[in-house]
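If you want the building blocks of each chain, they are given just below.
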Amino acid sequence: MTTAIPSVRALDFTPASAVFPSPLDWRDQFIYFLLVDRFDNNAADIPAYDPQTAVYGRDPQQGRIFQGGNLKGLMRRLDYLQGLGVGALWLSPVFKNRREHAGSYHGYGIQDFLQVDPRFGTTEDLRELVRRAHERGMYVILDIILNHTGDNWAYPGDYPYYYWPQAPGPFDFGFWRENSVDPGFQADDAVWPQELQRPECYKRRGQIRNWSDEQEAINGDFLSLKELEINRAEVLDTLIRVYKYWIAVADIDGFRIDTVKHMESSATALFCNAIREYARRIGKHNFFLFGEVVADDAVLQRYIGRNSRISGTNERFPSLDACLDFPLYFILEEVIKGFAPPSLLRERYERFRTLYADHGQAGECFVTFVDNHDQMSRPYRRFLHGNPHPAQAALAMGYLLTSPGVPCMYYGTEQGFDGGGDNDACVRECMFGGKWGAFDSMDQHFFNQDHPLYQAIARIATVRRQEPALRSGRCYFREICANGQDFGHPQGGRCTLAFSRILDETEVLVALNLDGAARNDYLTLDAHLHPVGTQVEDLLEPGWTTMVEERSGRHFVRVALAGHAMRILRCKKG
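Here is a short report on the structure shown in this document. Because the structure is a prediction, the values reported are computed rather than measured. Note that residues are indexed from 1 along each chain, following the sequence as it is written. Local features in this predicted model are restricted to residues of pLDDT 70 or higher, and side-chain atom pairs are both shown and tallied only at a pLDDT of 80 or more, whereas totals for entire chains, interfaces and linings draw on every residue. Hydrogens and water molecules were not included; the side-chain quantities draw on all heavy atoms of the structure.

We count a stretch as a helix when DSSP gives it H or I for four or more residues in a row; a strand needs E for two or more, and each element gets its number in order from the N terminus. Tracing the backbone shows Gly 85 in the loop between α2 (78-84) and β3 (88-91). Remark: exposure states derive from per-residue accessible area (1.4 Å probe, protein chains only) relative to the maximum for the residue type, with buried under 20%, exposed over 50%, and partly exposed in between. Judged by its relative accessible area of 12%, Gly 85 falls in the buried class. For the pair Gly 85 and Glu 195, spaced 110 residues apart in the sequence, the C-alpha separation amounts to 42 Å. When sequence neighbours within four positions are dropped, the list of residues in contact with Gly 85 reads Phe 30, Ala 461 and Arg 465. By the convention used here, residues are in contact when the closest approach between their heavy atoms is within 4.5 Å.

Pasting the structure below:
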């Protein structure tokens, strides 16, 4: 049996029907990221998690292997996701990984780029999921890989080879990994499409040892995964064709591109430009292309906010639309928990004024998050790991949903998942329970729409949908004080964090209490937009109001906040 689609030459890029149009602005969306294997397995009669009756004591080995989540399971949870306020789903890679590797449940070791992994379902299942999401006005984003394939071949002797800067050239190719005794490559053998079945398609420099060395990170293998030579035109063209095909066949709305920092920026730009032009031609005029670049703002600027230079030319091409906001991730958790001052956030956004021509639009360039599946910089723990204050998770999501950027939430946050440990499986718990449920439990699901965090996040997401300023307004951090006279930006960590989003003549003031004790601080706002005596209402608690006061030309409101509480304030209408 050969693979269903052996070559990119056989692909048809004509959509099967009229495509679902892109959103006008991706900042209007709330993204939910999930690992397909860990979300839902479509099994019947799984009881809801009850901490009093749950079975505890997971086998640690279960976290490292497939658990059974699939696309049909995800389909049946669209009501749950829409009730949370989610507007777009970001799926971990769904393409076929090596069948003999039980540890490839995450999907990042691709063996066949033109087939859905049978453990997740079929191409038709993916099409049906996207169709159902589109019926609800939701979008679907696929996680894709350009940088590498799975461990589909070996170096000579099947020994691990390691990157060596002084090596004169590529290491010798060993052999393709085959699972069939039949002649010729079968579906589970080597790699597909067949255009990638040549040794020269790979850099063959061995595994990365020094991850901080830029050239080694670009040219070395990502662990046992095999680095593609995307500088070769035929390799990049193959990948472009592969991913155009998935847009055509499944009506996909965007791609998250993995390990961008490990690729030449010019190749990334060429790929993005080709995909963007194809999507526009078929009617998706704002196809979303965002990438994983684990770095500071200076490095991110190579990919967003300005165009990437094509090597050997004076041309510049548009590259990524946005990057995952790792600079924010590196500081946000500590600020929300009161371990670091909010000035870190304020100073970061002030730098946008020098990096972007329009700092109000800068949020277009960032997908913001507080938890993820890799946990760079703080290995293997979720935001709530070891945290006795679950309400802080609502504050963290509240910040993402009201600050600049395209907000993204990692699955399980809304159920208080608090995984942590010595490997990445500890932050990849199963929502459906199985043998690797959250809280060391098994065989009980976590789709509880009455959970306090689910309800809190849903309320904030509802306000966000109703207020354009929270999605695309300019951002200004506000001074505070306790006595109505001595205003200033907060210096300590346990304080009221206040910032405004202003769009045209509308200001929405967001206040988060980063202290476990109640606070009753005075917060400044725009004097031109809020005359003295204006009533300001909490959109999260309709009916709660406060009055604009003035002293020495400064306009402010006094805002009472319970410990770890949040208010979203706007002029009361009517």
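Having seen the model, we can carry on.
Moving on: the packing of aromatic side chains. Pairing of aromatic side chains requires ring centres within 6.5 Å, counting the rings of Phe and Tyr and the six-membered ring of Trp. Pairs whose planes differ by under 30 degrees are stacked, by over 60 edge-to-face, and all others tilted. Taken as a whole and judged by the stated rule, the model has 48 aromatic pairs. Ring centres of Tyr 243 and Phe 255 lie 5.6 Å apart, and the angle between their planes is 65°; this geometry places the pair in the edge-to-face category. With Tyr 243 in helix α5 (residues 233-250) and Phe 255 in strand β11 (residues 254-257), the pair connects residues that are 12 residues apart, well separated along the chain. Here Tyr 243 falls in the buried class, since its relative accessible area comes to 0%. Ring centres of Phe 487 and Phe 556 lie 5.4 Å apart, and the angle between their planes is 45°; on these two criteria the pair is classed as tilted. Of this pair, Phe 487 sits in the loop between β20 (480-481) and β21 (496-503) while Phe 556 sits in strand β27 (residues 554-561), placing them 69 residues apart in sequence. In this scheme, Lys NZ or Arg CZ marks a charge over a ring once it lies within 6 Å of the ring centre and within 35 degrees of the ring normal. If you follow Arg 38 out to its NZ or CZ, it ends over the ring of Tyr 105, 3.8 Å from the centre. Residue placement shows Arg 567 over the ring face of Trp 544; its charged tip is 3.8 Å from the ring centre.

Here we take up the state of the cysteines. In what follows, a disulfide is any cysteine sulfur pair within 2.5 Å. The final tally for this structure, using the stated rule, is 0 disulfides. Considering cysteine sulfurs only, Cys 365 is the nearest to Cys 323, which forms no disulfide, with 8.5 Å between them. Taking relative accessible area as the criterion, Cys 323 reaches 0% and is therefore assigned buried.

Of all 8 residues in strand β22 (residues 506-513), 7 are buried; the element is thus mostly enclosed. The pairing criterion for strands is at least two bridges between them, as found by DSSP. Where β21 lies against β22, 8 bridges are found, and the strand directions are antiparallel. Residue pairing for β22: Thr 496 is matched across the bridge by Asn 513. Here β21 hands over to β22 after 2 residues, with Asp 504 in that stretch at a positive phi of 60°. Pairing between β22 and strand β28 (residues 566-571): 4 bridges, direction antiparallel. Along β28, the bridge assignment pairs Val 510 with Ile 568.

The next subject is the packing of helix α3 (residues 123-135) against α5. Here α3 crosses α5 at 60°, and the two axes come no closer than 9 Å. Where α3 approaches α5, its residues Thr 123, Leu 126, Arg 127 and Val 130 are matched on the opposing element by Trp 246, Val 249 and Ala 250. For this classification, Asp, Glu, Lys and Arg are treated as charged, while Ala, Val, Leu, Ile, Met, Phe, Trp, Tyr, Cys and Pro are nonpolar and the rest, including Gly, are polar. In the contact of α3 with α5, the residues fall into 5 nonpolar, 1 polar and 1 charged. The angle between two axes is taken between their N-to-C directions and runs from 0 to 180 degrees, where each axis is a line fitted to C-alpha atoms and a helix contributes only its stretch in contact.

Across a sheet, paired strands are connected by hydrogen bonds in the backbone, their directions being either parallel or antiparallel. Here 6 strands make up an open sheet; going across it, the order is β19-β21-β22-β28-β24-β25 and the pairing antiparallel. For this open sheet the edge positions go to β19 (474-477) and β25 (545-547), each flanked by a neighbour on one side alone. Averaged over all pairs of adjacent strands, the angle between strand axes in this sheet comes to 25°, irrespective of strand direction. Contacts from helix α9 (residues 343-355) reach β19 and β21, with the element oriented near 140° to β19.

Here 8 strands make up a closed barrel; going around it, the order is β1-β3-β6-β11-β12-β15-β16-β17 and the pairing parallel. Across the sheet, the axes of successive neighbouring strands diverge by a mean angle of 30°, strand direction being ignored. Bridging between β3 and strand β6 (residues 139-144) involves 4 bridges; their strand directions are parallel. Each residue of the ladder has a partner; that of Ala 88, found in β6, is Tyr 139.

Our focus in this paragraph is unusual backbone geometry. Cis geometry is found at the peptide bond from Trp 192 to Pro 193, where omega equals 10°. Topologically, Pro 193 is positioned in the loop between β9 (175-176) and α4 (214-219). Positive phi, normally seen in glycine, also occurs at Leu 223, with a value near 60°. Relative to the helices and strands, Leu 223 resides in the loop between α4 and β10 (226-227). Residue Asp 443 is not a glycine yet carries a positive backbone phi of 65°. Inspection of the secondary structure puts Asp 443 in the loop between β18 (441-442) and α11 (452-466). Since its relative accessible area comes to 38%, Asp 443 is described here as partly exposed.

What follows is about the side chain of His 373. Mapped onto the fold, His 373 is located in the loop between β16 (366-368) and α10 (391-402). You can call His 373 buried: its relative accessible area is 2%. Within polar-contact distance, the side chain of His 373 engages the side chain of Tyr 108 at 3.1 Å. Not counting the four nearest positions on each side in its chain, His 373 is found in contact with Phe 33, Leu 35, Tyr 108, Arg 256, Tyr 410, Asp 424, Val 427 and Arg 428. Counting of polar contacts relies on pairs of N or O atoms within 3.5 Å, with two restrictions inside protein: one atom must be capable of donating a hydrogen and the other of accepting it, and residues adjacent in sequence are counted only when both atoms are side-chain atoms.

What follows deals with the nonpolar core. Core analysis: the biggest nonpolar cluster contains 160 residues, and Tyr 32, Leu 91, Tyr 243 and Tyr 399 have the highest contact counts within it. With 12 residues, the top contributor of residues to this core is α5. Not counting residues up to four positions away in its chain, the partners in contact with Leu 91 are Phe 33, Leu 34, Val 36, Leu 71, Leu 74, Leu 126, Leu 129, Val 140, Ile 141, Leu 142 and Asp 143. Residue types Ala, Val, Leu, Ile, Met, Phe, Trp, Tyr and Cys, when buried and joined through side-chain atoms within 4.5 Å, form a set referred to as a nonpolar core. Ile 480, Leu 525, Val 536 and Val 548 belong to the second-largest nonpolar core, a separate cluster that totals 13 residues.

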